[in-house]
Amino acid sequence: MKTIKGVGAMAAMGVLPMSNLACQSQGRKLGVALVGMGSYSTYQLAPALQDTQHCYLAGVVTGTPAKEKEWADKYGIPSANIYNYENFDAIADNKDIDVVYVVLPNAMHAEFCIRAAKAGKHVICEKPMAISVKECDDIINACNEAGVKLGVGYRLQSEPYTNEIKRIVREKPFGEVRYVSAEAGYRSRSNPDQWRLDKALAGGGALLNMGVYAIQGAIYGTGQNPISVSAQEFSTDPEYFKDTDESISAQFKFPNGATGNIFTSHSANVNRHYSAFDNGWLELNPANNYGPLSGRLSTGEEIKFPHESQQKLQMDDFALHVLENAPNKAPGEMGKRDMIICEAIYQSIAEGGRTIDLDLGRMGIVD
Ligand code: NAD
């Protein structure tokens, strides 16, 4: 356990909620409650929480009664730490739970993040943060009003390949960045009834699901937010994609004159990042799955780091943000910024590819 001096001082000044004082005790890990026991919680987050150093799986919130016993047995979760969607607000009185991690369909993020904040719990919200900029604002405001911390489930922000791209862009060993290309998508045809194809629950299609990774890549691959975007949508299977976007291309302009292309899809398996500089380039391929990732430079060198669970790194980073005021690698403003860009992309498509200006400044950029 690292020093807690700074955080203790902040709590004494009333910057942190009283419930937070309890989690500053030496050697204590933060208790995390997962909300929504679907595939991401089951196969990624819960296993990662067995290896985290600064937090652990303390509770679950599920709408499916059969899952209560299953999760209690598998992870030794006491019945007092198991909630359903109706009695969830009583989590306010549970001292074992410090962080609520919302892993529900996108349209449910705002409601559960706001309820978690009102219960005095720190919040991690899965990506995309919500289904509108307004909902992102509502989540951010609820967390600010409750004095709790907010992180978005952008696992790549905590893993070393992404941070190496940021370092190269920042330190400019190849000179100024001039172009970025970022692609994120997969082929989906297995289940036409899944919530990801239902606009009411998903908020959008490929763009809100995988496109946010491509948007993120374009931003950390240039170190800048775009100043304009124009976009096109492609449909090859309108029968399967009745309600949501299938594939989208978008072109960005950046403040230093660089340009970018992103592509996202529910029809093509794409997973790549490329940044071109004055005197060289970098590439990750794959760039945005759970890893191991793989990268190379124009010099012929490999970008190589030992593989670790991205979710473990992400949740430990957030726990250190809560415990020690370490930097928030994926703050709410980052999720909101990406939603502003998504809305601009949909607007551009609706207006025949018109260029939409963006005025984001450095919003959500974490070096
Ligand atoms: P999933 O379909 O596997 O699980 C969804 C969960 O929500 C299930 O437990 C389901 O019972 C519950 N649920 C509650 N109300 C529902 C409703 N009305 N319709 C459907 N399900 C309902 O989904 P998932 O893959 O676990 O995704 C959950 C969230 O996590 C999404 O926001 C997704 O974008 C995000 N996610 C992030 C990553 C990442 O790499 N960061 C990866 C996968 C999913």
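Conventions we followed
Residues numbered from 1 in each chain as written. Predicted model: local features only at pLDDT ≥ 70, side-chain atom pairs only at ≥ 80, totals over all residues. Heavy atoms only, no water. Pairing = 2+ DSSP bridges. Helix = DSSP H or I, 4+ residues; strand = E, 2+ residues; numbered from the N terminus. Contact = heavy atoms within 4.5 Å. Axes fitted to C-alpha atoms, helices over the stretch in contact; angles between N-to-C directions. Near = heavy atom within 4 Å. Polar contact = N/O pair within 3.5 Å; in protein donor to acceptor, adjacent residues only side chain to side chain. Areas by Shrake-Rupley, 256 points an atom, 1.4 Å probe, with all protein chains shown as cover. pLDDT = per-residue confidence, 0-100. Salt bridge = Lys/Arg side-chain N within 4 Å of Asp/Glu carboxyl O.

What to know about the sheet that holds strand β4 (residues 99-102)
The pairing of strands in a sheet happens through backbone hydrogen bonds and is either parallel or antiparallel.
Part 1 of the argument: Here we have six strands laid out as an open sheet, ordered β3-β2-β1-β4-β5-β6, and parallel in their pairing. The open sheet has two edge strands with one neighbour each: β3 (82-83) and β6 (150-152).
Part 2 of the argument: In the packing of helix α4 (residues 65-75) onto the sheet, the strands contacted are β1 (30-35), β2 (55-61) and β3, and the crossing angle to β2 comes to about 160°.

Overview of the site of the ligand
Part 1 of the argument: In the region of the ligand, 22 residues are neighbours, and Ser 39, Asn 106, Lys 127, Arg 155 and Trp 195 sit closest.
Part 2 of the argument: Residue Leu 104 places a main-chain N or O atom 3.1 Å away from an oxygen atom belonging to the ligand.
Part 3 of the argument: Here an oxygen atom of the ligand and a backbone polar atom of Lys 127 are 2.7 Å apart.
Part 4 of the argument: Starting from 840 Å² of accessible surface for the ligand in isolation, the protein chains cover 79%.

What about the confidence of the model for the protein?
It should be kept in mind that the predicted coordinates are not to be read in detail where pLDDT is low.
Part 1 of the argument: Mean pLDDT over the protein stands at 93; residues scoring 70 or higher make up 93%.
Part 2 of the argument: Per-residue pLDDT stays below 50 along residues 1-25; that stretch engages in 36 contacts with residues further than four places along the chain or on separate chains.

Looking at the pattern of salt bridges
Part 1 of the argument: If you walk through the whole model with that rule in mind, you get 19 salt bridges.
Part 2 of the argument: Residue Arg 115 is joined to Asp 89 by a salt bridge in which the shortest nitrogen-to-oxygen separation is 2.8 Å. Of this pair, Arg 115 sits in helix α5 (residues 109-118) while Asp 89 sits in the loop between β3 and β4, and the two are 26 residues apart along the sequence.

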